[in-house]
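Okay, here's what each chain looks like letter by letter:
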Amino acid sequence: WNFTLIHKFLLTWSYLGYVNSQIISWKPINQYSMDEDNVWNFRIFTKHYYPHRTTNLYIFDSKLNIVSKLLNIAPWEDFKSSRFMQDKVYLVTFKATDPLFVIDLWDIKKPKIIWELKIPGYSLYLHPLYQFGDIQYILWIWQEAEEVYSHRSLPKNIKIDLYEVDFWTIITTW
């Protein structure tokens with residue numbers, strides 16, 4: 001299927017009502033592909049395969065009107081996982097190496113990729129570890145791999161990375 005239909009409802013203690021619907025191109029990969037922020041803006045990643053593989057980010061306001069989109073992220077790569085942490089989102093795609101993208105959502109009208117790290121392998125799990133004081137962390141479990149030939153890789157060791165995240169970008173790895 002080439003489209004995703006999104007419905008929004010308002011639910012309170014005494015009311016259930018329809019808000020709006022939207023149709024967007026392509027489909028989300030899983031439940032971690034979507035999120036609502038603290039002012040009810042809805043964010044969703046979709047992936048598609050034709051004419052080439054790519055990932056898209058759509059941002060909607062509280063009434064489900066489209067605010068912005070970031071299209072054609074990581075062309076020719078498969079969307080694997082994403083995690084939302086306040087005004088940042090961490091996105092992993094895969095081809096033969098696995099890039100970790102950090103996308104800044106502070107200005108919802110202008111989402112932008114602010115950082116990218118490529119590793120020789122693929123993600124198994126990506127998890128935000130929320131703030132400890134002013135510091136945030138993200139845990140990334142991935143499988144090291146060696147590219148055997150175009151778009152194929154041979155799995156090797158399992159790796160666990162812990163990244164310290166500041167307000168703007170990832171600054172440290174252990």
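One can find the structure itself at the top, above this paragraph.
Keep in mind that what you see is a predicted model, and the values were worked out from it rather than measured.

A. Highlighting the nonpolar core. Membership of the largest hydrophobic core comes to 13 residues, with the highest contact counts inside it found for Phe45, Leu57, Ile73, Val89, Leu91, Ile103 and Leu105. The set of elements that each furnish at least two residues to this core consists of strand 5 (54-60), strand 6 (66-73), strand 7 (78-85), strand 8 (88-94) and strand 9 (98-104). Not counting chain neighbours up to four residues away, the residues in contact with Val89 comprise Phe45, Ser82, Arg83, Phe84, Phe101, Val102, Ile103 and Leu105. The next biggest cluster of nonpolar side chains, apart from the first, holds 12 residues, and it includes Leu100, Ile119, Ile138 and Tyr163.

B. Just the packing of aromatic side chains, in detail. Counting across every chain of the model gives three aromatic pairs. Both rings, one in Phe45 and one in Phe84, keep their centres 5.9 Å apart while their planes meet at 35 degrees; by these two values the pair is tilted. On the criterion of sequence distance, the pair formed by Phe45 in strand 4 (residues 42-48) and Phe84 in strand 7 is long-range, its members being 39 residues apart. Per residue, the accessibility class of Phe45 equals that of Phe84, and both read buried.

C. Structural view of a nonpolar patch on the surface. A cluster of nonpolar side chains, namely Phe9, Leu11, Leu16 and Tyr18, defines an oily patch on the protein surface of about 500 Å² accessible area. If you list the elements that add at least two residues to the nonpolar patch, you get strand 1 (3-11) and strand 2 (16-25). Looking at where Tyr18 falls in the secondary structure, it is placed in strand 2. Owing to a relative accessible area of 48%, Tyr18 belongs among the partly exposed residues under this scheme.

D. The arrangement of the pairing of strand 4 in detail. Of all seven residues in strand 4, seven are buried; the element is thus mostly enclosed. Residues Phe42, Ile44, Thr46 and His48 of strand 4 are buried on one face, and the alternating residues Arg43, Phe45 and Lys47, pointing to the opposite face, are buried as well. The pairing of strand 3 (residues 34-36) with strand 4 spans three bridges and is classified as antiparallel. In the sheet register, Glu36 faces strand 4, and the bridge partner there is Phe42. The antiparallel hairpin formed by strand 3 and strand 4 contains five residues in its connecting segment, where Trp40 sits at a positive phi of about 70 degrees. As judged from the seven bridges shared by strand 4 and strand 5, these two strands associate in the antiparallel manner. Bridged to Ile44 within strand 5 is Tyr58. Connecting strand 4 to the antiparallel partner strand 5 that follows it, the hairpin turn spans five residues.

E. Inspection of the environment of Ile73 at higher detail. The residue Ile73 is located in strand 6 in this model. Residue Ile73 is classed as buried on the basis of its relative accessible area of 2%. Put simply, Ile73 and Thr55 are 18 residues apart on the chain and 5.0 Å apart in space, counted from C-alpha to C-alpha. With residues near it in sequence (within four places) discarded, Ile73 still touches Phe45, Thr54, Thr55, Leu57, Leu91, Ile103 and Ile113.

Scoring rules and cut-offs
Residues numbered from 1 in each chain as written. Predicted model: local features only at pLDDT ≥ 70, side-chain atom pairs only at ≥ 80, totals over all residues. Heavy atoms only, no water. Core = buried A, V, L, I, M, F, W, Y, C linked by side-chain atoms within 4.5 Å. Buried < 20%, exposed > 50% of the residue type's maximum accessible area, 1.4 Å probe, protein only. Helix = DSSP H or I, 4+ residues; strand = E, 2+ residues; numbered from the N terminus. Contact = heavy atoms within 4.5 Å. Phe/Tyr/Trp six-rings, centres within 6.5 Å; stacked < 30°, edge-to-face > 60°. Patch = residues over 30% accessible without salt bridge, like charges linked within 9 Å, V, L, I, M, F, W, Y side chains within 5 Å. Areas by Shrake-Rupley, 256 points an atom, 1.4 Å probe, with all protein chains shown as cover. Salt bridge = Lys/Arg side-chain N within 4 Å of Asp/Glu carboxyl O. Pairing = 2+ DSSP bridges.

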